[in-house]
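Remarks on the overall topology
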Amino acid sequence: MATANIPSIAVVASSRAVISGRLTSATVVISRTTGKITAVFDSVIPASEFPADTPYTDYSPNVLLPGLVDAHVHLNEPGRTEWEGFYTGTQAAAFGGVTTVIDMPLNAIPPTTTVAGLKEKLDAASGKCWVDVGFYGGIIPGNAHELKGLVQEGVRGFKGFLIDSGVDEFPAVGQKDIQKAMAELADEPTTLMFHAEMVPPITKSVGDEAQSSDPPAAPTGPLEAYSTFLDSRPSEFETCAIESIMSMAHLAPNLQLHIVHLSAMEAIPILREARARGVKVTAETCFHYLSLASEQIRDGDTRHKCCPPIRSQLNQDGLWDELEQHAGDGVIKTVVSDHSPCTPNLKQLPSHIPGYFDTGKEETGDFFSAWGGISSVGLGLPILWTELSRRKGLTPNEDENTKKALQDVVRLCCANTAAQVGLETRKGDLRVGFDADICVFDDSAEWVVEPSTMLFRNKCSPYQGRTLRGMVRETWLRGERIFSRENNFGDKGPAGKLLLEKRV
Ligand SMILES: [Zn+2]
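Please read these numbers as outputs of a predicted model, since none were measured by experiment.

Quick notes on the overall build of the chain
- The helix and strand inventory of the chain stands at 11 helices and 17 strands.
- Its C-alpha radius of gyration of 22 Å places the chain within 12% of the 23 Å reference for a compact globule of 504 residues.
- The principal-axis extents of the C-alpha atoms in the chain amount to approximately 75 × 50 × 50 Å.
- Out of the 504 residues belonging to the chain, those deemed buried represent 54%.
- For the chain, restricting intrachain contacts to residue pairs at least 6 apart in sequence, the fraction spanning at least 24 positions comes to 74%.

Set out below in structure tokens:
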């Protein structure tokens, strides 16, 4: 059988590309045999300069960005595949220019807390991923002996909870468990991450038991009021947990620590002070904490429930201040989705909220019994761009603010997220030798989030109906176009790889 002569290179160019953190014009040459970038020029070189059959596209004035690395998603397969799965979750990622996702160790069954559990997950993921996928391991009571094995198998880091995780198979860790994990991982090339919420030892708060709204730990107001839920998980839960973790950091001074989904701005000075003392700790925040505020959340709209909670507008501004003013030495290094979906019935939405699911009984939107988690994988770039445009007054005309905003997005969602998971020599930049993972971004187009643009399994997200600014026109994975807004996914099928090279 004759095979077509496939050109060995492809070329993409634009008057605007973010290369090594800087907005510039660029021509990027890609090897189609290795999927790597083989040359980058800082101008738009015309197609005529390349062999006649070379696939060549000048995307000007759309922006060439490195594919985003979303370092925090829950894909839930195997075990809760009705919540999400590798196929749908990674397709949603590709739609939004995300070319790498890192899957969290909980909500799948089994959780990724043992080497055997990881192997089950790899089997489940095989052949279903539209983008590259890496994996975190989990720390739970009694699994310290598994951690070194998981490092060997290529997990990108570990996560533990200091408060109820919401699922029985992933219990919270106490001080002794953390100390054991730190001892095991002290000199391993990995990152130890925490869901940093903890009920302070002395508190008038009803604490995490309020989640189940069981008496006598009764919430302080109506269960469908967002303010009641917010009051039940105050900022002190985060600051208390972070202080506790920081007090143990000396046990493993070489181990990188990380706080996932930081919400409370009050935690920032604590982390800054720890970093000044030499503690290796970073934090991430999420698209929702930077774009949603408690004042706007309607009663019963549990699409907004996540833990830690979305806080006030003032708190949102505080997180932005940290990103803005401390770009170089800030504590928040990355922005991620924490995509954490469930089936729509578990959100218990009342019938007037989009995403409502008819369970046969009238739902009240009880914030305490609804599942906590926000669906947004693949929406992050336009969410961030919409918010940046509003805050900076960005206009479609090129100016210094737009340039800085594009560079900031790449730092927070590509370069630094890649570094967070040990992929900084391969992902997160458009540089010679890197994977040719490319997001073609139209920074002026506006569009409305609707079910047809939410490719994750369950179309239930607080962003539904919102007009977002910035549209991903195409996504390239290792030198091949895998998605275009015009032609969708084509007929090639999932080409994502599982990222299992051990961190160094
Ligand atoms: Zn999460």
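There's plenty left to go through after this.
Comments concerning the pairing of strand S13 (residues 281-286)
- Burial of S13 is extensive: 6 of the 6 residues sit out of reach of the surface.
- Neither face of S13 is exposed, since Val281, Ala283 and Thr285 on one face and Thr282, Glu284 and Cys286 on the opposite face are all buried.
- Two strands pair when backbone bridges link them, and strand S12 (residues 256-259) and S13 are joined in this way by 3 bridges, in the parallel orientation. Note on S13: the bridge partner recorded for Ile259 is Ala283.
- With helix H7 (residues 267-276) bridging S12 and the parallel S13, this β-α-β connection has right-handed handedness.
- Relative to strand S14 (residues 332-336), S13 is paired through 4 bridges, and the arrangement is parallel. Bridging from a neighbouring strand, Glu284 pairs with Thr334 of S14.

Some thoughts on the sheet that holds strand S7 (residues 98-103)
- Taken in spatial order, the 3 strands of this open sheet run S6-S7-S8, and their pairing is parallel. Looking at strand neighbours, the two that pair on one side only are strand S6 (68-73) and strand S8 (132-135), the edges of this open sheet. Geometrically, the sheet is characterised by an average inter-axis angle of 20 degrees between neighbouring strands, direction not taken into account.
- Direction of pairing for S6 relative to S7: parallel, over a ladder of 4 bridges. Bridge pairing links Val73 to Asp103 in S7.

Digging into the sheet that holds S14
- Across the sheet, 6 strands lie side by side as S9-S10-S11-S12-S13-S14; this open sheet has parallel pairing. Each end of this open sheet is capped by a strand with a single partner; those strands are strand S9 (137-138) and S14.

Topic: the pairing of strand S1 (residues 9-19)
- Of all 11 residues in S1, 9 are buried; the element is thus mostly enclosed.
- The hairpin formed by S1 and strand S2 (residues 22-31) contains 2 residues between the paired strands, and Ser20 there has a positive phi angle of roughly 45 degrees.
- Looking at chain direction, S1 and strand S5 (residues 63-66) are connected through 2 bridges and run parallel. Of the residues in S5, the one forming a bridge with Ala17 is Leu64.

Observations regarding the packing of helix H6 (residues 235-246) against H7
- It is the contact of H6 with H7, at a shortest axis distance of 9 Å, that shows an interaxial angle of 15 degrees. Judged on the interaxial angle alone, H7 and H6 are roughly parallel. For the pair H6 and H7, the crossing hand works out as right-handed. Contacts between H6 and H7 involve Glu238, Thr239, Ile242, Glu243 and Met246 from the former and Ala267, Ile270, Leu271 and Ala274 from the latter.

Observations regarding helix H1 (residues 86-95)
- Of all 10 residues in H1, 10 are buried; the element is thus mostly enclosed.
- Along H1, the positions that sit buried rather than exposed are Phe86, Tyr87, Thr88, Gly89, Thr90, Gln91, Ala92, Ala93, Ala94 and Phe95.

A short note on the nonpolar core
- Ranked by size, the top nonpolar core spans 148 residues in total, and within it Leu64 and Leu271 carry the most contacts.
- Ranked by residue count, the leading element in this core is helix H11 (residues 400-420), at 9 residues.
- Among residues more than four places away in sequence, those in contact with Leu271 are Ile242, Ile259, Val281, Ala283 and Val331.

What about the confidence of the model for the chain?
- Here the chain shows a mean pLDDT of 93. Residues at 70 or above account for 95%.
- Counted against residues more than four places away or in other chains, residues 210-217, with its pLDDT under 50, gives 16 contacts.

Topic: unusual backbone geometry
- Cis peptide bonds are those with omega within 30 degrees of zero, and the linkage from Glu77 to Pro78 qualifies with 0 degrees.
- Tracing the chain through its elements places Pro78 in the loop between S6 and H1.
- Phi is positive for His261, which is not a glycine, with a value near 30 degrees.
- Structurally, His261 is set in the loop between S12 and H7.
- Classification of His261 as buried rests on a count of 24 C-beta atoms within 10 Å.

A short note on the environment of Ile374
- Along the chain, Ile374 falls in the loop between S14 and helix H10 (380-392).
- Among the residues examined, Ile374 registers 26 C-beta atoms within 10 Å and is labelled buried.
- The spacing of Ile374 and Leu257 is 117 residues in sequence and 24 Å in space, taken between C-alpha atoms.
- With residues near it in sequence (within four places) discarded, Ile374 still touches His288, Cys306, Asp338, Ser340, Ser461 and Pro462.

Conventions adopted
- Residues numbered from 1 in each chain as written.
- Predicted model: local features only at pLDDT ≥ 70, side-chain atom pairs only at ≥ 80, totals over all residues.
- Helix = DSSP H or I, 4+ residues; strand = E, 2+ residues; numbered from the N terminus.
- Rg over C-alpha atoms; globule rule 2.2 N^0.38 Å.
- Buried ≥ 20, exposed ≤ 12 C-beta atoms within 10 Å, placed from the backbone.
- Contact = placed C-beta atoms within 7 Å.
- Pairing = 2+ DSSP bridges.
- Right-handed = clockwise from strand over helix to strand, strands pointing away.
- Axes fitted to C-alpha atoms, helices over the stretch in contact; angles between N-to-C directions.
- Parallel < 35°, antiparallel > 145°, perpendicular 65-115°, else oblique.
- Left-handed = near helix turned anticlockwise from the far one by under 90°.
- Core = buried A, V, L, I, M, F, W, Y, C linked by C-beta atoms within 7 Å.
- pLDDT = per-residue confidence, 0-100.

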